[in-house]
Amino acid sequence: MRNRENPLHTDTQRRPSRRAVLAAAGATLSLPFLSPGAAGAAQDEMKAGRFKITALSDGHLTLPTTMIAPQAEAAAREKALAAVGQSGANYRSPLNVTLLESDKEKILLDAGAGTRFMQSAGKLEEALMDKGIEPDQITHVVFTHAHPDHLWGTINDFDEITFPSASFHISEAEWNFWMADDVLTKLDEQRKAFAVGAQRNLKAIRDRLSTFKPGAELVTGLRAIDTSGHTPGHVSFEVGDDKSHVAILGDALTHPVVSFEYPDWQPAMDQEPDKAVATRKRLLDRLAADKHQLIGYHLPEPGLGRVVRKGQGFAFEAAD
């Protein structure tokens, strides 16, 4: 495994697409409460610095409503969900994967869920090809963290690397957490499968993987920032230059009402809940002051918007 100050590199080797094979196989594993979703497609595009930025859909997750804030009072949680038209036992959580394109690079920020997590997810490869991009044209994959819906798209149904020409990059703290021999002792039963899947995917790319620390500029115009708490090594990214920036947030902010108006609420998937609360508050304050655009992985598709002040707190303002 490499660990360099400027870890990204371009591998121009090309391999045949697996599109036809995957379409014929149609093999998926899903959780029992899920139903299939529509195939993903490319979404909004913008420019920041030297990059064209495209938000792509990897499909969506269907999750129990209580996961949004298990400790919140039920009536308050239901009111927050109703504000964005969500009700019932489950809610739909979009998966917005960000693609950065320059003259020489095609960089994915996260790899999507693949087909082994939920039947309604794993649409990223199709979304890329809808944009005329084959998986072997991706030059770099940089992870926000190693939860299934961000990492498990790294390898396909045949245990082959989905993006065969890419180099891969993850924060040092995230790698150290998931690859530790005793990781299972640090997780509750719900997350033990996450660790097994993380190790399966990370081991598959070990020889082409580099680690980095928050603050690193991975390539010109792509900088990692510390947003740990959701996972121990979770990072977000600043993309652009002095004139224009976009913040790519991963799971630092995950719900268009709860994350913004109730940052003290603790979602079930935050591994370090108190630290995640502090991260949210710091991030909301900064993004509201900077007024930069953001893309949230689980915010309403395509995830693009801004943080605005609302009374003594904050709100999400989706892009037009």
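Here the structure is shown first, and the text comes after it.
What counts as what
- Residues numbered from 1 in each chain as written.
- Predicted model: local features only at pLDDT ≥ 70, side-chain atom pairs only at ≥ 80, totals over all residues.
- Heavy atoms only, no water.
- Helix = DSSP H or I, 4+ residues; strand = E, 2+ residues; numbered from the N terminus.
- Expected span 1.5 Å × (residues − 1).
- Buried < 20%, exposed > 50% of the residue type's maximum accessible area, 1.4 Å probe, protein only.
- Contact = heavy atoms within 4.5 Å.
- Core = buried A, V, L, I, M, F, W, Y, C linked by side-chain atoms within 4.5 Å.
- Pairing = 2+ DSSP bridges.
- Salt bridge = Lys/Arg side-chain N within 4 Å of Asp/Glu carboxyl O.

> Honestly, helix α6 (residues 189-204) in this entry has me stumped. Any pointers?
Think of an α-helix as turning once every 3.6 residues; residues three or four places apart then point the same way. With 16 residues, α6 extends 24 Å between its outermost C-alpha atoms, agreeing within 8% with the 22 Å of an ideal straight helix rising 1.5 Å per residue. The set of residues buried in α6 consists of R191, F194, A195, G197, A198, Q199, N201 and L202. On the buried face of α6, the contacting elements are α4 (148-151), β6 (167-171) and α5 (172-179).

> What should I look at first to understand the nonpolar core in this one?
Generally speaking, nonpolar side chains in soluble globular proteins are found buried as a group. In terms of nonpolar packing, the biggest core is built from 50 residues, with L108, L128, I138, V141, F163 and W178 touching the most fellow members. Apart from the residues within four sequence positions on either side, L108 is in contact with V97, T98, L99, L124, L128, I138, H140, V141, V142 and F163. If you look at the next biggest cluster of nonpolar residues, it comprises 22 residues, including A55, L100, V235 and V246.

> Could you clarify how one ought to interpret the pairing of strand β13 (residues 304-310) in this entry?
On any regular strand, side chains alternate: one points to one face of the sheet, the next to the other face. As defined by bridge partners, strand β12 (residues 293-295) adjoins β13 across two bridges and the pair is classed as antiparallel. What sits directly across from L294, in β13, is G305. The antiparallel pairing of β13 with strand β14 (residues 313-318) creates a hairpin that spans two residues between the two strands, and G311 there sits at a positive phi of about 60 degrees.

> Could you clarify how one ought to interpret the pattern of salt bridges in this entry?
Two side chains carrying opposite charge are able to pair once their charged atoms lie near each other. A complete count under the given rule lists 14 salt bridges for this structure. The salt bridge involving E45 is made with K131; its shortest N-O contact spans 1.9 Å. Placement of the pair is E45 in strand β1 (residues 42-48) and K131 in the loop between α3 (124-130) and β5 (140-142), with a sequence separation of 86 residues. Judged by its relative accessible area of 39%, E45 falls in the partly exposed class.

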